[in-house]
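What the coordinates show
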Amino acid sequence: MKTIIALGAALLVQAEELPPADSAKAGPNVLLLISDDLNSWLLENPDRYTGKVIAPNLRKLADGGVNFSFAYTAAPVCSPSRTAFLSGVAPWRSGHYHNALKVGDSGPLNNDEVLSLPGLFKKAGYATFGYGKISHGWDQKEHWDEKIGHKRDPAPPGAPITPVGGGEQDWAPIHLAEEKMNDTLNANHAIKAIEQEHDKPFFIACGLFNPHMPWYVPQKYFDMYPLSEIVTPVLKEDDLADVPPLGRALTNGKSGFATKVVESGLHKEAVQAYLATTTYADAQLGRVLDALETSPHKDNTIVVFLSDHGFHLAEKDHWQKATLWEEATHCLLTIRAPGVTKPGGISHRFVSLMDIYPTLAELCDLEPPPYLDGRSLVPLLKDPDADWQSTAITGLCDKSRPTEPYLSIRTERGRYIRYGTEEEEFYDTTKDPHEWTNQIDNPEYASVIGVLRAALPADPAKPLKSALADRRGREKKPKKNKRDD
Ligand SMILES: [Ca+2]
């Protein structure tokens, strides 16, 4: 693969050992907050979702900096999404499209070749701390001074609680006190790291597991969302009828979990549980943000908040993620950079989580590696309406065609998807925000489709084989309702 070879050559430049951390700069510090599986409902977009989402802390953060209305993940699954924004290398160049990849797997991202985002800061003399779910599969442990991983909370006695639940697909009030839940503890670690004495600038990352399934949070969060007030997302009957076969193969299909939830009359309960879990996550991130506000570092710390990808709750007959539609690809991104952003900034430009790495490098005056795929968002942080070439590309691999990358591009004009080399979709999101009508064969759109088609990577990296072998192994013993993390 030409692209891989070119990447590998560039990466050799970065293979030297990190120097001793005595070249510390004066900062600024970085606080990176990550939420898992949090979709974009809290952006209050009446064209897409009108229900209430209680997230006062994330809203306060957004009000204090620049909130991106159109931020997209590079991969709509946990591991490749995180690998992409932490390495700065997109899936269509690295071949990391799967959750199954592990450290040491072949491909251009093995440990010595790429400088992780925390590694960039450590190399510059920062102290680096990571708590909870940050990386997933690919990581460079030597780039963290302290790293404590994530655990899932134990299921309540009697789980699965819901008649449709099983494995991770369940929800219920949890039996644990909030103080004992793992995301509460992850937040505690980050708070302690903020509050300790610092003789160098810090890079602190805190990643929450919630609102990843199962949705087990205290009763009080369920009580904030009375069932009578729950708004479920709008579903279109036969929405998949105009989706090509490889696209339909991505969904759970008629026997899938989404259908089961809707047909069992549990759609409102599921949405309630997702929102309850979202509000619990907001509360924990709020505690971390409050600790920063009351610390001496308040005015010298850049805050970045993101979700790793979106989440379907029965739209397009699908549950969770791993599709190339808006529900799974649209995510949250807020950046507050003292002295750069102004409060209340909203940018409608289309950006990617790939842009985080070069943005933080520029904000902190660090030399970024030469191979990064993203673009620095600093022009949009200074002026959210600045000129910007809006594009956001997402890559995915599916077991129905495991050697072929699927790609999607989203711009102001719409969404174009290509599954392998043959099948395509196009949605005019200016008129069809739910992506209900595939216009790929409509001659009215031929020219815009041509532009978007040409904007996709011409020779995307194929999914790495180690992941495929792993996946095939898992397929021999399918787990009920199990989907990717
Ligand atoms: Ca449709």
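Our structure is the block above this text.
These notes cover the structure that comes with them.

Definitions and limits used
- In this numbering scheme, every chain counts its residues from 1 along its sequence in written order.
- With the structure being a predicted model, the display of local features is reserved for residues of pLDDT at least 70 and the display and counting of side-chain atom pairs for 80 or more, all residues being used for whole-chain, interface and lining totals.
- Water and hydrogen atoms were dropped before computing side-chain values, which therefore reflect all heavy atoms in the structure.
- A run of H or I in DSSP counts as a helix once it spans at least four residues, and a run of E counts as a strand once it spans at least two, with each numbered from the N terminus.
- Relative accessible area decides the class of each residue, using a 1.4 Å probe on protein chains only: under 20% of the type maximum gives buried, over 50% gives exposed, and in between gives partly exposed.
- The contact criterion used is simple: two residues touch if any of their non-hydrogen atoms lie within 4.5 Å.
- Pairing of aromatic side chains here covers Phe, Tyr and the six-membered ring of Trp, requires ring centres within 6.5 Å, and sorts the geometry by plane angle: under 30 degrees stacked, over 60 edge-to-face, intermediate tilted.
- Note on method: axes are straight lines fitted to C-alpha atoms, helices fitted across the in-contact stretch only, with angles between N-to-C directions ranging 0 to 180 degrees.
- When describing relative orientation, an angle under 35 degrees is termed roughly parallel and one over 145 degrees roughly antiparallel, while 65 to 115 degrees is termed roughly perpendicular and anything else oblique.
- Only N, O and S atoms count as donors, using a 2.8 Å cut-off from the metal and 3.2 Å for Na, K and Ca, and because water is excluded some sites may appear unfinished.

**Section: the environment of Gln-272**
Within the fold, Gln-272 resides in helix α10 (residues 267–293). For Gln-272, a relative accessible area of 12% gives the class buried. Between the C-alpha atoms of Gln-272 and Val-53, which are 219 residues apart in sequence, the distance is 9.9 Å. Apart from residues lying up to four places away in sequence, Gln-272 is in contact with Phe-222, Tyr-225, Leu-227 and Ile-230.

**Comments concerning the packing of aromatic side chains**
For the structure shown, the criterion picks out 16 aromatic pairs. Both rings, one in Trp-41 and one in Tyr-274, keep their centres 5.8 Å apart while their planes meet at 90°; by these two values the pair is edge-to-face. With Trp-41 in the loop between β1 (29–35) and α2 (56–64) and Tyr-274 in helix α10, the pair connects residues that are 233 residues apart, well separated along the chain. On the basis of relative accessible area, Trp-41 is assigned to the buried category, the value being 9%. For Tyr-274, a relative accessible area of 1% corresponds to the buried category. Ring plane angle 90° and centroid distance 5.1 Å describe the contact between Tyr-406 and Tyr-419, whose orientation is recorded as edge-to-face. With Tyr-406 in strand β14 (residues 406–411) and Tyr-419 in strand β15 (residues 414–419), this residue pair connects regions lying 13 residues apart in the sequence.

**So, the packing of α2 against α10**
Look at α2 against α10: their axes get within 7 Å of each other, and the N-to-C directions meet at 50°. It follows from the interaxial angle that α2 and α10 lie oblique. Of the residues in α10, those touching α2 at Pro-56, Asn-57, Leu-58, Lys-60 and Leu-61 are Asp-282, Ala-283, Leu-285, Gly-286, Leu-289 and Asp-290.

**Here's the deal with the coordination of the calcium ion**
Those donors, Asp-239 (O), Asp-239 (OD), Asp-242 (OD) and Trp-436 (O), are the protein atoms that reach the calcium ion, and they lie 2.2 to 2.4 Å from it. Sequence spacing of the donors to the calcium ion: D-x2-D-x193-W. Taken as a pair, Asp-239 in the loop between α7 (219–223) and α8 (245–248) and Trp-436 in the loop between β16 (423–427) and α14 (446–455) lie far apart in primary sequence, 197 residues in all. The class for Trp-436 is partly exposed, based on a relative accessible area of 24%.

**Observations concerning unusual backbone geometry**
Of note, the bond from Asn-210 into Pro-211 is cis; its omega dihedral lies within 30 degrees of zero at 5°. Along the chain, Met-213 connects to Pro-214 via a cis peptide bond; the corresponding omega equals 0°. If you trace the backbone, Pro-214 turns up in the loop between β6 (202–207) and β7 (215–217). A positive phi is found at Ala-314, a non-glycine position, where the angle reads about 95°. Within the secondary structure, Ala-314 sits in the loop between β9 (312–313) and β10 (319–320). Backbone geometry places Ala-322, a non-glycine residue, at a positive phi of 65°. You can see Ala-322 is positioned in the loop between β10 and α11 (326–329).

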